[in-house]
Amino acid sequence: MSAIFKIKNTNWIEVDFTNWQRSKEYDELFNDIKSAIIDKNIISFNYFSSNEKETSREVKPIRLLFKGWDWYVYAFCLLRKEFRYFKLSRIRDLKILDENFEDSYEDVVLIKEMEYKDTVRVKLKFDRKVAFRVYDEMGDIKEDENGNLYAEIELPNDYNLYNYIFSFGESVEVLAPIEIRNKIRDKINKMSKKYII
C-alpha cells in the first residue's frame with residue numbers, strides 16, 4: 001500500500017475482516033477450513049440455507065472469500081455436483097475428513113455474482129434515522145422535503161427478502177409491489193398475535 005500511494009508512513013490504514021460479534025468458534029471454523037483448503041481435505045458439515053432447510057454436505061473446499069460483510073467458502077459440492085458458496089456463519093459441525101482430493105482448482109475463476117432464479121424489484125421508503133444503513137447498502141437514493149429516503153432494490157423473492165426488510169424495523173415501508181406489501185402486512189399481523197397479553 002505504501003509503495004502504491006508513495007507514502008512512507010505505513011500506519012495510515014488498517015483492514016479488519018472480523019465482525020463485532022465474532023466468536024472463538026468462528027475463528028476456529030475459519031482456520032479449519034483454511035487448513036482443509038491448503039491440505040486438500042474433503043470437509044463435511046451441516047448447513048442452514050436461506051430457504052430454512054438444514055442439509056448435510058461434503059465438499060472440496062477451494063477458496064475463502066470475503067464478500068459484503070461475510071466470509072464464504074467456495075467449494076465443489078459432492079451432493080449437488082457443482083460449485084457453491086457456503087456462508088461460514090451458517091456452517092455447523094464441521095469435520096475435516098481423512099479423504100483428500102487430487103483435483104487442481106488453482107485456476108478456477110470464482111463467480112462473484114450470486115445468481116437468484118426468482119427476484120423482485122422492491123420500492124422502499126425509509127425514515128431518516130436509518131440513513132446510515134440506506135446509504136451503506138443502496139444506490140440511487142432520493143429524498144423528499146420531510147427528509148424521508150426512497151430507494152429501489154432487487155431482492156431474492158424468498159425468505160431473505162422479508163428478513164432484510166424486517167431488519168429495518170418500523171423505519172421502512174414497502175411501497176411496491178402491492179403483493180409484497182400485502183405479505184409484509186400479513187406477517188406483521190401474525191407476529192403481533194404472539195404478543196397479545
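Structure: see above.
As the structure is a prediction and not an experimental result, all values here were calculated from the model.

Peer 1: Explain the pairing of strand S8 (residues 149-156) to me, using residue names and the numbers behind them.
Peer 2: If a strand is regular, its side chains alternate between the two faces of the sheet. Alignment of strand S6 (residues 119-126) against S8, held across eight bridges, turns out to be antiparallel. Across the sheet, the residue bridging to Thr119 is Pro156, located in S8. Where strand S7 (residues 142-143) and S8 come together, two bridges link them in antiparallel fashion. By the bridge assignment, Glu143 is partnered in S8 with Leu149. Hairpin connection, S7 to S8: the antiparallel pair is bridged by five residues, and Gly147 has positive phi, about 90 degrees.

Peer 1: Describe the sheet that holds strand S2 (residues 54-67), with residues and values.
Peer 2: The strands that make up a sheet pair up through hydrogen bonds in the backbone, lying either parallel or antiparallel. Ordered by their spatial adjacency, five strands build an open sheet running S4-S3-S2-S1-S5, and the pairing between neighbours is antiparallel. The sheet is open, and its two edges are formed by strand S4 (82-87) and strand S5 (91-100), each paired on a single side. Between one strand and the next, the sheet's axes are offset by a mean angle of 45 degrees, whatever the strand orientation. When strand S1 (residues 41-48) meets S2, the two strands line up antiparallel, connected through six bridges. Its bridge partner being in S2, Tyr47 is matched across the sheet by Thr55. Running at roughly 85 degrees to S2, helix H2 (residues 24-39) makes contact with S1, S2, strand S3 (70-77) and S5 of the sheet.

Peer 1: Describe the nonpolar core, with residues and values.
Peer 2: Side chains of a nonpolar character, in soluble globular proteins, are inclined to be buried together. In this structure, Val122, Leu124, Phe126, Met138, Leu161, Ile165 and Ile180 are the most contacted members of the largest nonpolar core, which totals 21 residues. Ranked by size, the runner-up nonpolar core spans 17 residues in total, among them Ile33, Val59, Trp71 and Val73.

Peer 1: Any details on the packing of helix H4 (residues 159-166) against helix H5 (residues 178-193)? Residues and values, ideally.
Peer 2: The contact between H4 and H5 brings their axes to 12 Å, and the two run at 70 degrees. What the angle tells us is that H4 and H5 run roughly perpendicular. Facing Leu161, Tyr162, Ile165 and Phe166 of H4, the residues of H5 in contact are Ile180, Lys183, Ile184, Lys187, Ile188 and Met191. Classifying every residue of the contact of H4 with H5 gives eight nonpolar, no polar and two charged.

Peer 1: So what's going on with the side chain of Asp144? Which residues, and what values?
Peer 2: Its location among the elements puts Asp144 in the loop between S7 and S8. Of the polar contacts made by the side chain of Asp144, one reaches the backbone nitrogen of Asn148; its length is 2.9 Å.

Peer 1: Give me the pairing of S4: which residues, what numbers.
Peer 2: Looking at chain direction, S3 and S4 are connected through six bridges and run antiparallel. Bridged to Tyr74 within S4 is Tyr85. Remark: four residues form the turn of the hairpin made by S3 and S4, two consecutive strands paired antiparallel; Lys81 in that turn has positive phi of roughly 60 degrees.

Thresholds applied
Residues numbered from 1 in each chain as written. Predicted model: local features only at pLDDT ≥ 70, side-chain atom pairs only at ≥ 80, totals over all residues. Heavy atoms only, no water. Pairing = 2+ DSSP bridges. Helix = DSSP H or I, 4+ residues; strand = E, 2+ residues; numbered from the N terminus. Axes fitted to C-alpha atoms, helices over the stretch in contact; angles between N-to-C directions. Contact = heavy atoms within 4.5 Å. Core = buried A, V, L, I, M, F, W, Y, C linked by side-chain atoms within 4.5 Å. Buried < 20%, exposed > 50% of the residue type's maximum accessible area, 1.4 Å probe, protein only. Parallel < 35°, antiparallel > 145°, perpendicular 65-115°, else oblique. Nonpolar A, V, L, I, M, F, W, Y, C, P; charged D, E, K, R; others polar. Polar contact = N/O pair within 3.5 Å; in protein donor to acceptor, adjacent residues only side chain to side chain.

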